[in-house]
Amino acid sequence: MLKDFKDFINRGNVFDMAIGVIIGGAFGKIVSSLVNDILMPLIGKLTGGLDFSNLFVSLDGTSYNTLQAAEEAGAAVLKYGSFIQSVLDFLIIAFCIFMMVKAIMKVKKQPAPADPTTKTCPLCKTEIPIGAVKCPHCTGDISGK
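Criteria and cut-off values
Residues numbered from 1 in each chain as written. Predicted model: local features only at pLDDT ≥ 70, side-chain atom pairs only at ≥ 80, totals over all residues. Heavy atoms only, no water. UniProt positions renumbered as here; feature names shortened; annotations may be inferred. Domains from an automatic or database assignment. Patch = residues over 30% accessible without salt bridge, like charges linked within 9 Å, V, L, I, M, F, W, Y side chains within 5 Å. Areas by Shrake-Rupley, 256 points an atom, 1.4 Å probe, with all protein chains shown as cover. Salt bridge = Lys/Arg side-chain N within 4 Å of Asp/Glu carboxyl O. Helix = DSSP H or I, 4+ residues; strand = E, 2+ residues; numbered from the N terminus. Buried < 20%, exposed > 50% of the residue type's maximum accessible area, 1.4 Å probe, protein only.

Under an unreviewed UniProt entry, the name given to the protein is Large-conductance mechanosensitive channel, and the source organism is Ezakiella coagulans. Here is the UniProt Function (unreviewed entry) comment for the protein, exactly as written: "Channel that opens in response to stretch forces in the membrane lipid bilayer. May participate in the regulation of osmotic pressure changes within the cell." Under the heading Subunit (unreviewed entry), UniProt records this for the protein: "Homopentamer."

A few words now on the domain arrangement of the protein. By a widely used convention, the size of an interface equals the accessible area lost when the partners come together. Here the protein is described as being made up of domain 1 (1-111) and domain 2 (114-144). Computed over C-alpha atoms, the centres of domain 1 and domain 2 are 61 Å apart.

What follows covers a nonpolar patch on the surface. Residues V57, L59, L78, Y80, F83, I84, V87, F90 and L91 make up a contiguous nonpolar surface patch of about 840 Å² in total accessible area. Per-element accounting of the nonpolar patch gives the leading share, six residues, to helix α4 (residues 80-107). Checked against the element boundaries, F83 lands in helix α4.

What follows concerns unusual backbone geometry. Not every positive phi belongs to a glycine, and K125 is a case in point at roughly 65°. Along the chain, K125 falls in the loop between β3 (118-120) and β4 (127-129). The exposure class of K125 is exposed, given its relative accessible area of 59%. Located in the positive-phi region is T139, a residue other than glycine, with phi close to 60°. Positionally, T139 belongs in the segment after β4. Given a relative accessible area of 53%, T139 falls into the exposed group.

Written out as C-alpha cells, the structure is:
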C-alpha cells in the first residue's frame, strides 16, 4: 500500500494539480480584491451609494444601523451582501477559468486527421492501397468504382 501511495504521489499530474491549487488560491485573492475593492464600490456608486458589505437582516427582530453593531450585540444575522460579493467572485473566477481553458484548447488543437492511405475493395472487402486500380487479392478492376 505504501508503494502504491508513493507511485501515486510521484505521478506528474499530482504535482501539476498541487501547483494549480496554489496558483488558484493566489488567483482567488486577486479576484476577491477586484470584486471587493473595485467592482463593488462601482456597483454601489451606480446603485446610489449602496454598500453591499453592510447588507444584512437581523434574525433576532431588532433593528441595527450597521452590520458591525448587530455583530457586537451578538445578534444572528443573514449577511446577504457578503453572499452577493461571493457570487460575483465565483462568476469572475469561473469566467476567467473558462477563458483560460478556451485559450489552452485552441493552442492544443488536435491536428487534422491524416488523409487515408488505404481503401476497401468493393468486390472482396479487403483493405488495399488508396491508389490501387486493381485489387491484388481478388484481381477485380476497381478503377471505376
